[in-house]
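Listed below, chain by chain, are the residues.
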Amino acid sequence: MARTQASDYEERRAAIVEQAARLFAERGFMGASIADLADACESSKSLIYHYYASKEDILFDVMHSHVRALLDAAENVARSSGNPAEKLRELTANLMRLYVGAAARHRVLLNELKQLPEEQRAKVVAAQRRLVEIVETIVRELDPHISEPLARPSAMLYFGMINWTHTWLDPCGAADPQNIARLAADIFLDGITKGH
């Protein structure tokens, strides 16, 4: 008879992923073992393997759950009826909201992608590319006359502004993350509308 799944199965997996994100961000994927993760979870290695077949599968969930949340937020904005500037402002606010509290996941996503098996890496990269496409579409809507060679770099510059906030922004500090999101959107919109 097949073993039934515990009612808190997904919550336990989520807790493992949360601890793994912290551990992989601090020590790197190669520097953290399943035994280290079991210790961080106050669990056993066998229990970790009950929820995940491999360390790489845990790493994939750390990355994919983060990029999927970002992409879901972006897709919702892309489907909205706002004008391009409103979409960019909403997107920036939503992404910043997701970045707050997810510094470890974001650091792992930026630094450990090469550790994933090819098929899993392709899924994460596809989600990242779709995110860039959404911003590139907004850029083109903001400036229909933007030259072809500058549309994608403009989208990448946008992400360059906000993707590294996890390295310096204290969510509890004097600079509120949503104020930073508004500032980033203002700077980007000002550059797009005055440039080219």
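Residues numbered from 1 in each chain as written. Predicted model: local features only at pLDDT ≥ 70, side-chain atom pairs only at ≥ 80, totals over all residues. Heavy atoms only, no water.

Visitor: Even after reading the chapter, I still don't get the nonpolar core, so can you show me in this structure?
Guide: Considering soluble globular proteins, one finds that nonpolar side chains tend to be buried as a cluster. Membership of the largest hydrophobic core comes to 60 residues, with the highest contact counts inside it found for Ile58 and Tyr158. Apart from residues no more than four positions distant in its own chain, tyrosine 158 is found in contact with Leu88, Leu91, Thr92, Leu95, Val135 and Phe188. (Core = buried A, V, L, I, M, F, W, Y, C linked by side-chain atoms within 4.5 Å. Buried < 20%, exposed > 50% of the residue type's maximum accessible area, 1.4 Å probe, protein only. Contact = heavy atoms within 4.5 Å.)

Visitor: Please clarify how unusual backbone geometry should be interpreted in this entry.
Guide: Negative phi is the rule for most residues except glycine; trans is the rule for most peptide bonds. One non-glycine residue, glutamate 42, adopts positive backbone phi at about 50°. Mapped onto the secondary structure, glutamate 42 falls in the loop between α2 (34–40) and α3 (45–51). With a relative accessible area of 77%, glutamate 42 lands in the exposed category. (Helix = DSSP H or I, 4+ residues; strand = E, 2+ residues; numbered from the N terminus.)

Visitor: How should the packing of aromatic side chains be read in this particular structure?
Guide: Geometrically, a pair of aromatic rings is defined through the distance of the ring centres and the angle of the planes. One pass over the structure, following the stated rule, counts 4 aromatic pairs. With 5.1 Å between their ring centres and 40° between their planes, tyrosine 9 and tyrosine 51 make a pair best called tilted. Here tyrosine 9 is found in helix α1 (residues 9–27), whereas its partner tyrosine 51 is found in helix α3, with 42 residues between them in sequence. Residues tyrosine 9 and tyrosine 51 agree in their burial class; the two are buried. With centroids separated by 5.3 Å and ring planes inclined at 75°, the aromatic side chains of tyrosine 158 and phenylalanine 159 adopt a geometry described as edge-to-face. The two residues tyrosine 158 and phenylalanine 159 agree in class, both being buried. Lying across the ring of phenylalanine 29, lysine 55 places its NZ or CZ 4.3 Å from the centre. (Phe/Tyr/Trp six-rings, centres within 6.5 Å; stacked < 30°, edge-to-face > 60°. Lys NZ or Arg CZ within 6 Å of the ring centre and 35° of its normal.)

Visitor: Looking at this model, I keep getting lost on the pattern of salt bridges. Mind explaining?
Guide: Note on pairing: side chains with opposite charge can pair once their charged atoms come close. Evaluation of the coordinates by the stated rule reveals 13 salt bridges. Taking the shortest distance from any N to any O, the salt bridge between arginine 105 and glutamate 18 comes out at 2.9 Å. Taken together, the residues span a long stretch of sequence, with arginine 105 in helix α6 (residues 103–111) and glutamate 18 in helix α1 at a distance of 87 residues. Take arginine 105: its relative accessible area is 14%, and that puts it in the buried class. (Salt bridge = Lys/Arg side-chain N within 4 Å of Asp/Glu carboxyl O.)

Visitor: What is the right way to look at the side chain of arginine 13 in this model?
Guide: By secondary structure assignment, the location of arginine 13 is in helix α1. Contacts of arginine 13, omitting those with residues within four sequence positions, involve Tyr51, Tyr52 and Asp61.

Visitor: Looking at this structure, how should I read the environment of serine 46?
Guide: Its place among the elements puts serine 46 in helix α3. A relative accessible area of 56% places serine 46 in the exposed class. Sequence separation between serine 46 and tyrosine 158 is 112 residues; the distance between their C-alpha atoms is 43 Å. A polar side-chain atom of serine 46 sits 3.1 Å from a polar atom in the side chain of serine 44. (Polar contact = N/O pair within 3.5 Å; in protein donor to acceptor, adjacent residues only side chain to side chain.)

Visitor: Which parts of the structure should I look at to understand the environment of isoleucine 146?
Guide: Among the structural elements, isoleucine 146 can be located in the loop between α7 (118–142) and α8 (148–162). Classification of isoleucine 146 as buried rests on a relative accessible area of 8%. Note: C-alpha distance between isoleucine 146 and aspartate 36 (110 residues apart in sequence) is 50 Å.

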